[in-house]
Amino acid sequence: MLILIVEDDQGIAFLISEALEAEGRTIEVVHSGNDAIDFFARSNPDLVILDYSLSDMNAGELIDALQNKGIAVPPFIVSTGQGDELIAVEMMKLGALDYLVKDTSLMRRLPGVVQRAIENIEQEKRLKEALESKRVSDEKLLEEQRRLANIIKATNVGTWEWNLKTDQTIFNERYANILGYTLEELMPTTSATWRDLTHPDDNLIALQKLDDHFSKKADYFEVEVRSKRKDGHWVWVLSRGCVMEFDADGRPLMMAGTMQDISDKKKKEDLVQQVEVAHKTLEFKQSFLASMSHEMRTPLTGILGVTELLEKTSLDAVQQDFVETLRNASENLRDMIDQVLDYSRIESGKMTISRKDVQSRSLVRNAEVLFDKICQKPIRFSVSIDDSIPEYILADEQRINQVINNLISNAVKYSEKGEVSLVMKKERPSNGDSLIIRVEVSDTGVGIKPEKEDSIFSPFSSVSQIDTSLYEGTGLGLAICREFVQMHGGDMGFVSQPGKGSTFWFTFKTAEVKNGHKSEKPDNVEVPSRSLSILLVEDKIITQKVIGLLLKDMGHEITIATNGREALKLYKPGKYDLILMDIQMPVMDGITATNELRKLHDKLPPVVGLSANAFDGDREKYLNMGFDEYITKPMKRERFVEVVNEFFSPQETI
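Reading the values: rules and limits
- Within each chain, residue numbers correspond to sequence positions counted from 1 in written order.
- Given that this is a predicted model, residues contribute local features only at a pLDDT of at least 70 and side-chain atom pairs are listed and counted only at 80 or more, while totals for whole chains, interfaces and linings are drawn from all residues.
- Calculation of side-chain values draws on the structure's entire complement of heavy atoms; hydrogens and water are dropped beforehand.
- Note: pLDDT gives the predictor's confidence per residue, expressed from 0 to 100.
- Residues are treated as being in contact if the distance between any of their heavy atoms lies within 4.5 Å.
- The criterion for an aromatic pair is that two Phe, Tyr or Trp rings (for Trp, the six-membered ring) have centres within 6.5 Å, with stacked assigned to planes under 30 degrees apart, edge-to-face to planes over 60 apart and tilted to the rest.
- Helix numbering and strand numbering both begin at the N terminus, where a helix is a DSSP run of H or I of at least 4 residues and a strand a DSSP run of E of at least 2.
- To sort residues, take the accessible area from a 1.4 Å probe on protein chains only and compare it with the maximum for the residue type: under 20% means buried, over 50% means exposed, and anything in between is partly exposed.
- As a reminder, the over-ring test applies to NZ of lysine and CZ of arginine, requiring each to be within 6 Å of the ring centre and within 35 degrees of the ring normal.
- Note on geometry: axes are C-alpha line fits, over the in-contact stretch for helices, and angles between N-to-C directions span 0 to 180 degrees.
- Note: crossing handedness is left-handed where the near helix turns anticlockwise from the far helix by less than a right angle, and right-handed where it turns clockwise.
- Residue classes follow a fixed rule: Ala, Val, Leu, Ile, Met, Phe, Trp, Tyr, Cys and Pro count as nonpolar, while Asp, Glu, Lys and Arg count as charged, and any other residue, Gly among them, counts as polar.
- Crossovers are described as right-handed under a simple rule: with the strands pointing away from the observer, the path leading from the first strand over the helix to the second runs clockwise.
- Pairing between strands is defined by DSSP: at least two bridges between them are needed.
- Here a polar contact is recorded for every N or O atom pair within 3.5 Å, except that within protein the pair must consist of a potential hydrogen donor and a potential acceptor, and residues adjacent in sequence are included only if both atoms are side-chain atoms.
- We call a set of buried residues a nonpolar core when its members are Ala, Val, Leu, Ile, Met, Phe, Trp, Tyr or Cys and they connect through side-chain atoms within 4.5 Å of each other.

**Examining the confidence of the model for the chain**
And then number 1: Per-residue confidence for the chain averages 84 on the pLDDT scale, and 88% of its residues sit at or above 70.
And then number 2: Predicted confidence for residues 462-474 stays below pLDDT 50, and this span has 33 contacts to residues more than four positions away or in other chains.
And then number 3: Scored below 50 in pLDDT, residues 519-525 shows 4 contacts in the model against residues more than four places distant or in partner chains.

Put into structure tokens, the structure is as follows:
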């Protein structure tokens, strides 16, 4: 601590400085008011012992001079040789800490007066530091409060404080607003207020969470519960908090936390869960349909195969009728399976169309062939095609044919007599080179009741207003047709009068193919005259029997293996011209067996996969797995001949 002595009497100044230095004080001495002013300008002493009467000015004038220069007056003790009480009062008013009279008692009183002054200065300093610290702390607290208020406002959360000793609970206004109340309407608030507004099923969960936190098993209390609003509706809220104060025995005293409306979050979670369930359900349905299709096609292969063989035997009229009925029923069942699979592919988003060159007149010819095949009633069939329609157009021929065939089948099914007509015309040009073609199928059948019109294109509906048990079908045909049409950029609709008939129409977007060409596939596929040696790998006995009889009837020699492993043992290079390999078999499946055969032998005859699976992309998938071609069960004679002609030239089959 630096003490400045301002004293014009050098003797007294020496005595004071000697006495204070003996006590370990740091001393500086000046002998006039002006010297003191200069000193204050360059240094700041902690305490000044100031002579009242200096040679150039008195103490009061010195203080005024310092203040005029903007220099802070440090703590000071005034000394005087006059002992005048008026001077003492004057100096005290100016801030003097004490008063010393320069008489015989000066040196005796000096140490005590200086010590008290120093203590006062240090106490004042500590007080200022405490006040400054409190000011800084108060500012930080206010800043924290402002930040907390901003966070609460920004996050829109309710807050709560719970005094566990008194059970008093304090909520903020937002807490009440979330539940549709004002804060006054909830008063007085206790823990029961929260409990009464919480769903009974959630209260037990909340209590368990609270116990876990109180017992310090969980660092925080956090629970999602349903709370009842004033209007009676339930909202989901997230309540979070923790104990802020425990007593000496570890019991909780004060707890605080927040409450947030999470109803929207819960709705999104429920939606995500529903989507996941729907996705898993769809996957299960796809798997189920694929499995059921496979299992149903296996016996169907037997039925259709045996039926085809029976048709080639000598039958009387009654037997021929029985076989025809059996064949029609089996084909209807196959069509139903195909429709279910088509709808399943559409529903899962896996259905695609493949646009290629199509001879527009072939669509009409196919319709005529279908009508002649299915219609056994006194019904006329007429067709009309607009001459302005290009000879070749771009479309998925299989799907367009499927739509036309479905409409003609329905027209025949629901008409007992009269006429069915097919009209194809160019509706209007579209953008660029594309055009819109409209197809109409009209009948004179039973028509459709008005109350059924809204559901006609819904899955599992029927176009007939009479007892649908009289007619076979899945109720999926029109729904599938509409999807196919929309994939072609078109639409589908109908007009109908009950008892007078209906006209179903559809449009599809297409384009002229100016350099179109006819399909290289012949209209009538000839059976090769060459007898082939065929290794049939098939585990199902009925399928072995049916395919074996079919191939033998065509003049081929058949060797049967019941699984892939047996096929590996039976196969000898040069012994077989063709391998028919079932894909799904026990012991060793067809894919594994084919790949093993290719590893064991440098050259194999054509390996044709057999499967009841009939999903889009199956052929490409199995070709990529090592097969040379693929046939869907039940195997048709025509399809087998196509495959044989693909691998064996006419010279080889003569």
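Having seen it, we continue.
**Comments concerning the packing of aromatic side chains**
And then number 1: Enumeration over the complete set of coordinates arrives at 9 aromatic pairs.
And then number 2: Between Trp162 and Phe214 the ring centres are 6.4 Å apart and the planes differ by 40°, which places this aromatic pair in the tilted class. Separated by 52 residues along the polypeptide, Trp162 in strand 6 (residues 158-163) and Phe214 in helix 9 (residues 200-214) bring together distant segments of the chain.
And then number 3: We classify Trp162 as buried; its relative accessible area is 16%.
And then number 4: Taken together, the ring pairs in this structure connect Phe457, Phe494 and Phe504 into an aromatic cluster.
And then number 5: Over the aromatic face of Trp236 sits the side chain of Lys266, whose NZ or CZ is 4.5 Å from the ring centroid.

**Topic: the environment of Met588**
And then number 1: Along the chain, Met588 falls in the loop between strand 20 (578-582) and helix 17 (590-600).
And then number 2: The buried category is assigned to Met588, whose relative accessible area is 14%.
And then number 3: Taking C-alpha positions, Met588 is 9.7 Å from Thr562, a pair spaced 26 residues apart along the chain.
And then number 4: Setting aside anything within four residues of it in sequence, one finds Met588 in contact with Asn563, Gly564, Arg565, Leu568 and Ala593.

**Considerations on the packing of helix 13 (residues 397-413) against helix 14 (residues 477-487)**
And then number 1: Running from amino to carboxyl end, helix 13 crosses helix 14 at an angle of 145°, the nearest separation of the two axes being 9 Å. Helix-helix and strand crossings are classified by hand; for helix 13 and helix 14 the assignment is left-handed. For the pair formed by helix 13 and helix 14, the contact residues are Arg399, Gln402, Val403, Asn406, Leu407 and Asn410 on the first element and Gly477, Leu478, Ile480, Cys481, Phe484 and Val485 on the second.
And then number 2: In terms of residue class, the contact of helix 13 with helix 14 is made up of 7 nonpolar, 4 polar and 1 charged.

**Describing the pairing of strand 4 (residues 76-80)**
And then number 1: Within strand 4, 5 of the 5 residues are buried, which leaves the element mostly enclosed by the surrounding structure.
And then number 2: Burial along strand 4 is two-sided: Phe76, Val78 and Thr80 and Ile77 and Ser79, pointing in opposite directions, are all buried.
And then number 3: For the segment spanning strand 3 (residues 47-51), helix 3 (residues 59-68) and strand 4, crossover handedness is right-handed.
And then number 4: Bridge count between strand 4 and strand 5 (residues 98-101): 4 bridges; the pairing is parallel. When the sheet's bridge partners are listed, Val78 is paired in strand 5 with Tyr99.

**Looking at the side chain of Lys266**
And then number 1: With respect to the element layout, Lys266 can be found in helix 10 (residues 263-311).
And then number 2: Within the local environment of Lys266, its side chain forms a polar contact with the side chain of Glu224, the two groups lying 2.9 Å apart.
And then number 3: Excluding residues within four positions of it along the chain, Lys266 makes contact with Glu224 and Trp236.

**Regarding the sheet that holds strand 19 (residues 557-561)**
And then number 1: On the basis of which strands lie adjacent, the open sheet formed by 5 strands has the order 19-18-20-21-22 and parallel pairing. In the strand order of this sheet, the two ends are held by strand 19 and strand 22 (629-632), each with one partner. The mean angle between the axes of side-by-side strands here comes to 25°, regardless of whether they run parallel or antiparallel.
And then number 2: Pairing of strand 18 (residues 533-537) with strand 20 involves 4 bridges; the strand directions are parallel. The residue bridging Leu536 from the neighbouring strand is Leu580, located in strand 20.
And then number 3: Helix-sheet contacts for helix 19 (residues 637-647) involve strand 18, strand 20, strand 21 (607-611) and strand 22, and the interaxial angle to strand 22 is about 170°.

**What about the nonpolar core?**
And then number 1: Membership of the largest hydrophobic core comes to 39 residues, with the highest contact counts inside it found for Ile404, Met492 and Phe506.
And then number 2: Those elements that provide at least two residues to this core are helix 12 (360-374), strand 13 (392-395), helix 13, strand 14 (418-429), strand 15 (434-443), helix 14, strand 16 (492-497) and strand 17 (501-511).
And then number 3: Element by element, the count of residues in this core is highest for helix 13, at 7 residues.
And then number 4: Each residue touching Ile404, except ones within four places of it in the same chain, is listed here: Leu363, Ala367, Leu422, Met424, Val439 and Phe506.
And then number 5: Leu50, Met57, Ala59 and Phe76 belong to the second-largest nonpolar core, a separate cluster that totals 26 residues.

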